[in-house]
Amino acid sequence: MSVTAASGFRAAGIHAGLKESGKPDLALVVNDGPLDVAAGVFTTNRVVAAPVQWCRRVLAGDGGAAGSARAVILNSGSANACTGPRGATDTAATAAHVAELLGEDRPGLGADSVLVCSTGVIGVPLDMPALEAGAAKAVRELADTPQAGRAAATAIMTTDTVSKEDSLHLDGWSIGGMIKGVGMLAPGMATMLCVITTDAVIGADTAHRALSCAAARTVGRINSDGCMSTNDTVLLLASGASGREPAADVFFGAVQELLTRLGRRLVADAEGATHDIAITVTGAVTEAAAEAAARTVSASNLLKCAIAGEDPNWGRVVAQLGTVPEAVCPFNPDEVDVAINGVTIYRHGALGEDRSMVDMTPRETRIDIELSAGDASATVWTNDLTHGYVTINADYTT
């Protein structure tokens, strides 16, 4: 199940006519309470879409915040980014329209109770008549069923080939979520669009701290293609409908586990990818240093092409590793080991096992880098670079 796995939530996904393809393109998630807790983390790109600016204001913070919200409407087909004053006006009008539609059952519901997300081509304004008509249809189709959650997850897809959703059911409470994104996955925060729902009884501060920490260690450690989106948004909504209040560490763990699972679905569906690559750095002086090293290696297009060709080219790994500033991640190159799929083919600055021993046929490729400088570790996920990626992105706006 997806965003409807937790009690107190309804969802819908419909075709509003925002995509010429005729595929679903508008999703709505509504929190029926009793709580209306909401938290969000957003792209750190300096160029941000109007919906990101709106959500930051609604949640009373800049760059990450917590507060309250009753609903989130998400469209695909247009990012509503770099659309000037019209983009801001259209975003506010979208929130007001949804609030008015939902207000028939909730008198007094205002636009500032509605979060807005968009994804698609940058520079394309929203088709407001189509969106407003679609929102009315989505409200009519709201349901708390697994099918409704799947429809919402499908409606936010762009170049995704499958919808992405998951859920966890714990001690009397649940958490679920949906996510989209298979390109522009190089976050300074998170990636993509993601909505997480829970029926746990939590406060806004707990929601924000849990989401921020989990995003940083999960979806924040994915680097598919080195390109950061203008629209990255991860939202967490809490209804409190279960009546259960989990311990903070338990809730933190659940959010991190869910985002780990959802993040793996992003990597598995990355544009044109044939290999999912986990780059794990161990023996670093700090976790931040380990992440910096792993992220740097994940940015190597030469390495990604080698993996696409099933070539365990450790030279691409160590050459890229050497570009990490010493002040960021200190290590002695002569004490570094590199293993690919369990075979240590580079050991202490020299040749290790024969590279022909490495089996490169599995979809999942693991690159393990031991720095021998400390006790900290981190993993960053990426994928290989294939002709398919070029084809998809060459044809994206045409």
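Throughout what follows, the structure given in this document is the object of discussion.

Quick notes on the rules
- Residues numbered from 1 in each chain as written.
- Predicted model: local features only at pLDDT ≥ 70, side-chain atom pairs only at ≥ 80, totals over all residues.
- Heavy atoms only, no water.
- Helix = DSSP H or I, 4+ residues; strand = E, 2+ residues; numbered from the N terminus.
- Rg over C-alpha atoms; globule rule 2.2 N^0.38 Å.
- Buried < 20%, exposed > 50% of the residue type's maximum accessible area, 1.4 Å probe, protein only.
- Contact = heavy atoms within 4.5 Å.
- Areas by Shrake-Rupley, 256 points an atom, 1.4 Å probe, with all protein chains shown as cover.
- Lys, Arg positive; Asp, Glu negative; His and termini not counted.
- Charge placed at Lys NZ, Arg CZ, Asp CG, Glu CD.
- Expected span 1.5 Å × (residues − 1).
- Arc of directions from axis to C-beta.
- Salt bridge = Lys/Arg side-chain N within 4 Å of Asp/Glu carboxyl O.
- Pairing = 2+ DSSP bridges.
- Phe/Tyr/Trp six-rings, centres within 6.5 Å; stacked < 30°, edge-to-face > 60°.
- Lys NZ or Arg CZ within 6 Å of the ring centre and 35° of its normal.
- Polar contact = N/O pair within 3.5 Å; in protein donor to acceptor, adjacent residues only side chain to side chain.
- Axes fitted to C-alpha atoms, helices over the stretch in contact; angles between N-to-C directions.
- Parallel < 35°, antiparallel > 145°, perpendicular 65-115°, else oblique.
- Left-handed = near helix turned anticlockwise from the far one by under 90°.
- Nonpolar A, V, L, I, M, F, W, Y, C, P; charged D, E, K, R; others polar.

### As for the overall build of the protein chain
Per the secondary structure count, the protein chain includes ten helices and 16 strands. Taken over C-alpha atoms, the radius of gyration comes to 22 Å for the protein chain, in line with the 21 Å a tight globule of 398 residues would show. For the protein chain, the proportion of its 398 residues judged to be buried stands at 54%. Long-range pairs, those at least 24 residues apart, make up 79% of the contacts in the protein chain with a sequence separation of at least 6. Just so you have it, the protein chain exposes about 15,200 Å², and 51% of that area is on carbon and sulfur atoms. For the protein chain, the centre of its 28 positive side-chain charges and the centre of its 45 negative side-chain charges are spaced 3 Å apart.

### A closer look at helix H5 (residues 204-217)
For H5, which comprises 14 residues, the first-to-last C-alpha distance of 20 Å matches the rise-based estimate of 20 Å (1.5 Å per residue) to within 8%. Taken together, the buried positions of H5 are Thr206, Ala207, Ala210, Leu211, Ala214 and Ala215. Around the axis of H5, the buried residues are gathered within 140 degrees of arc, so they sit on the same side. On its buried face, H5 is in contact with strand E3 (37-42), strand E9 (193-198), strand E10 (233-238) and helix H6 (248-268).

### Notes on the pattern of salt bridges
Within the structure shown, the criterion is met by 20 salt bridges. A salt bridge links Arg264 to Glu364; the nearest nitrogen and oxygen atoms lie 3.0 Å apart. Of the two residues, Arg264 is situated in helix H6 and Glu364 in strand E15 (residues 364-370); the sequence distance between them amounts to 100 residues. You can call Arg264 partly exposed: its relative accessible area is 24%.

### Considering the pairing of E9
The buried count for E9 comes to six of six residues, which makes it a mostly enclosed element. Of the two faces of E9, both are covered, the one formed by Leu193, Val195 and Thr197 as well as the one formed by Cys194, Ile196 and Thr198. Judged from the six bridges that link them, strand E8 (residues 174-180) and E9 form a sheet pairing that is antiparallel. If you follow Met178 over to E9, its bridge partner there is Val195. Inspection of the sheet shows E9 paired to E10 by six bridges, in the parallel sense. Paired with Val195 across the two strands is Leu235, which belongs to E10.

### Quick word on unusual backbone geometry
Cis geometry marks the peptide bond from Gly33 to Pro34; its omega dihedral reads 20 degrees. Phi at Cys82 is positive, roughly 60 degrees, even though this residue is not glycine. Tracing the backbone through its elements, the reader meets Cys82 in the loop between strand E5 (71-78) and helix H2 (84-102). A positive phi angle, close to 50 degrees, is found at His348, a residue other than glycine.

### Some details on the packing of aromatic side chains
All told, the structure shown has two aromatic pairs when counted by the stated rule. Summarising the aromatic geometry, the rings of Trp173 and Phe251 are spaced 5.8 Å apart at their centres and angled 40 degrees between planes, so their arrangement reads as tilted. Taken together, the residues span a long stretch of sequence, with Trp173 in the loop between strand E7 (164-169) and E8 and Phe251 in helix H6 at a distance of 78 residues. Side by side, Trp173 and Phe251 carry an identical accessibility label, which is buried. Geometry around Trp381 places Arg264 over its ring, the cationic atom sitting 3.9 Å from the centre.

### Thoughts on the side chain of Thr206
On the secondary structure map, Thr206 appears in helix H5. The contact partners of Thr206, leaving out residues within four places of it in the chain, are Phe251 and Phe252.

### Some details on the side chain of Ser76
With respect to the helices and strands, Ser76 occurs in strand E5. Side-chain polar atoms of Ser76 contact the side chain of Lys19, separated by 3.2 Å. A polar side-chain atom of Ser76 sits 2.8 Å from the main-chain carbonyl oxygen of Ala155. Leave out the neighbours within four places in its chain, and Ser76 touches Leu18, Lys19, Pro24, Asp25, Thr119, Ala155, Ile156, Met157 and Thr158.

### Here's the deal with the sheet that holds strand E14 (residues 350-351)
Strands sit in the order E14-E13-E12-E15-E11-E16 across an open sheet of six strands; the sheet is mixed. The open sheet has two edge strands, E14 and strand E16 (376-383), and neither has a second partner. Each of strand E11 (276-284), E15 and E16 touches helix H7 (residues 287-298); the most contacted strand, E16, lies at about 25 degrees to it.

### Describing the packing of H2 against helix H3 (residues 128-140)
Relative to each other, H2 and H3 sit at 25 degrees, their axes nearing to 10 Å. By the angle between their axes, H2 is roughly parallel relative to H3. Along this stretch, H2 crosses H3, giving a crossing that reads as right-handed. Every residue of H3 that contacts H2 at Asp90, Ala93, Thr94, His97, Val98, Leu101 and Leu102 is listed here: Met128, Leu131, Glu132, Ala135, Ala136 and Val139. Residue composition of the contact of H2 with H3, grouped by class: nine nonpolar, two polar and two charged.

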